[in-house]
Amino acid sequence: MSNSLSSKHVGLFFGSFNPIHMGHLILANHIVETQGLAELWFVVSPQNPFKEKKSLLSDHHRLDMVQRAIKNYPKMRASNVEFALPRPSYTIDTLTHLAEKYPHNEFTLIMGEDNLLGLHKWKNAKALLAKYPIMVYPRLMDRRRPEYQLPEPARIVHIDAPIIELSATHIRGMIAEGKNVRPLLPPEVFEYLDGSSFYKTS
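Just so you know, these numbers come straight off a predicted model, no measurement behind them.

Cut-off values and rules
Residues numbered from 1 in each chain as written. Predicted model: local features only at pLDDT ≥ 70, side-chain atom pairs only at ≥ 80, totals over all residues. Heavy atoms only, no water. Helix = DSSP H or I, 4+ residues; strand = E, 2+ residues; numbered from the N terminus. Buried < 20%, exposed > 50% of the residue type's maximum accessible area, 1.4 Å probe, protein only. Contact = heavy atoms within 4.5 Å. Areas by Shrake-Rupley, 256 points an atom, 1.4 Å probe, with all protein chains shown as cover. Pairing = 2+ DSSP bridges. Axes fitted to C-alpha atoms, helices over the stretch in contact; angles between N-to-C directions. Core = buried A, V, L, I, M, F, W, Y, C linked by side-chain atoms within 4.5 Å. Salt bridge = Lys/Arg side-chain N within 4 Å of Asp/Glu carboxyl O. Right-handed = clockwise from strand over helix to strand, strands pointing away.

### Remarks on the overall build of the chain
At step 1: Looking only at helices and strands, the chain has seven helices and six strands in total.
At step 2: The helix and strand sequence of the chain, counted from the amino end, reads β-α-β-α-β-α-β-α-α-β-β-α-α.
At step 3: By the burial criterion, 45% of the 202 residues in the chain qualify as buried.
At step 4: The contacts of the chain with a sequence gap of at least 6 include a subset with a gap of at least 24, amounting to 73%.
At step 5: By element, 51% of the accessible surface of the chain is carried by carbon and sulfur atoms, the whole surface being about 11,000 Å².

### Describing the sheet that holds strand β3 (residues 76-79)
At step 1: The sheet built from six strands is open, its strands ordered β3-β2-β1-β4-β5-β6 with parallel pairing. What marks the edges here is a single partner per strand, and that holds for β3 and β6 (156-158). With direction set aside, neighbouring strand axes in the sheet form an average angle of 30°.
At step 2: In the sheet, strand β4 (residues 105-112) pairs with strand β5 (residues 134-137) via four bridges, with the strands oriented parallel.

### Considering the nonpolar core
At step 1: Among the nonpolar cores identified, the biggest contains 37 residues, and Ile20, Ile31, Phe42 and Leu193 are the most heavily contacted of them.
At step 2: Elements supplying a minimum of two residues to this core: α1 (22-34), β2 (39-44), α2 (59-69), β3, β5, α6 (168-176) and α7 (187-193).
At step 3: Looking at which element gives the most residues to this core, the answer is α1, with five residues.
At step 4: Counting residues in each nonpolar core, the second largest holds 20 residues, with Val10, Leu12, Leu98 and Tyr132 among its members.

### Quick word on the side chain of His24
At step 1: Inspection of the secondary structure puts His24 in helix α1.
At step 2: Among all residues touching His24, those that are not within four sequence positions of it are Phe13, Phe17, Pro19 and Phe42.

### Considering the pattern of salt bridges
At step 1: One pass over the structure, following the stated rule, counts eight salt bridges.
At step 2: Across the salt bridge formed by Arg139 and Asp114, the nearest N and O atoms sit 3.6 Å from each other. Taken together, the positions of Arg139 in the loop between β5 and β6 and Asp114 in helix α4 (residues 113-117) put the pair 25 residues apart, joining distant regions of the chain.
At step 3: Residue Arg139 is classed as partly exposed on the basis of its relative accessible area, which comes to 22%.
At step 4: With its nearest N and O atoms 3.3 Å apart, the salt bridge here joins Glu165 to Arg139. Highlighted residues: Glu165 in the loop between β6 and α6 and Arg139 in the loop between β5 and β6, separated in sequence by 26 residues.
At step 5: Looking at Glu165, the relative accessible area reads 44%, which means it is partly exposed.

### Some words on the pairing of β2
At step 1: With six of six residues buried, β2 lies mostly within the body of the structure.
At step 2: Burial of β2 is two-sided: the residues Glu39, Trp41 and Val43 facing one way and the residues Leu40, Phe42 and Val44 facing the other way are all buried.
At step 3: Sheet topology note: the strand β1 (residues 8-15)/β2 ladder contains six bridges and is parallel. Bridge pairing links Leu12 to Trp41 in β2.
At step 4: Read as a crossover between parallel neighbours, the route from β1 over α1 to β2 is right-handed.
At step 5: Taken together, the four bridges between β2 and β3 define a ladder with parallel strand orientation. What sits directly across from Trp41, in β3, is Arg77.

### Considerations on unusual backbone geometry
At step 1: The omega torsion of the bond from Asn18 to Pro19 falls at 10°, within 30 degrees of zero and hence cis.
At step 2: We note that Phe17 has phi near 50°; this positive angle belongs to a residue other than glycine.
At step 3: Topologically, Phe17 is positioned in the loop between β1 and α1.
At step 4: Taking relative accessible area as the criterion, Phe17 reaches 3% and is therefore assigned buried.
At step 5: Backbone geometry at Asn124 places phi at a positive 50°, although glycine is not the residue there.
At step 6: Within the secondary structure layout, Asn124 lies in the loop between α4 and α5 (125-131).

See below:
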């Protein structure tokens, strides 16, 4: 963290955003408005190490949809930082790159409670936890789960945020079946997809 006047607290919301939907926006807006963040960046991932790439729409289409969806949200921005990094993308590598490029920013990870359970599987998880704070938003999940086995020091803050169980996978399935998804998407994203062939064939 820097005391420079140019420093700012930035939340990083990683995801495929395939496509970005209203659940993402509701959650992101709640977090940036209530958690003391100067900005929230949607980091569009070209490939998640735990997901198959074949289900992803091309990188530039997903980035374009995010940019369109957040155009009226001045505290949000879209980041394509991972597009130029080695693939598959690993969060610790992206954070190292961002810290070098924006040395005056304080970066905080934003993730769902379900992802926190698998954090020990991430590349250099101990180093990540030691260096970066994490904001965890609630998800519907089995409350009988074991306690988190996370090494110290870990700066994890569980935040009170709306539980949005809206799935991009479900939306893609509805599009493939010709169902109306207008209420589930930002208007700009619905217009981008409407009339296209995106997600309509497997």
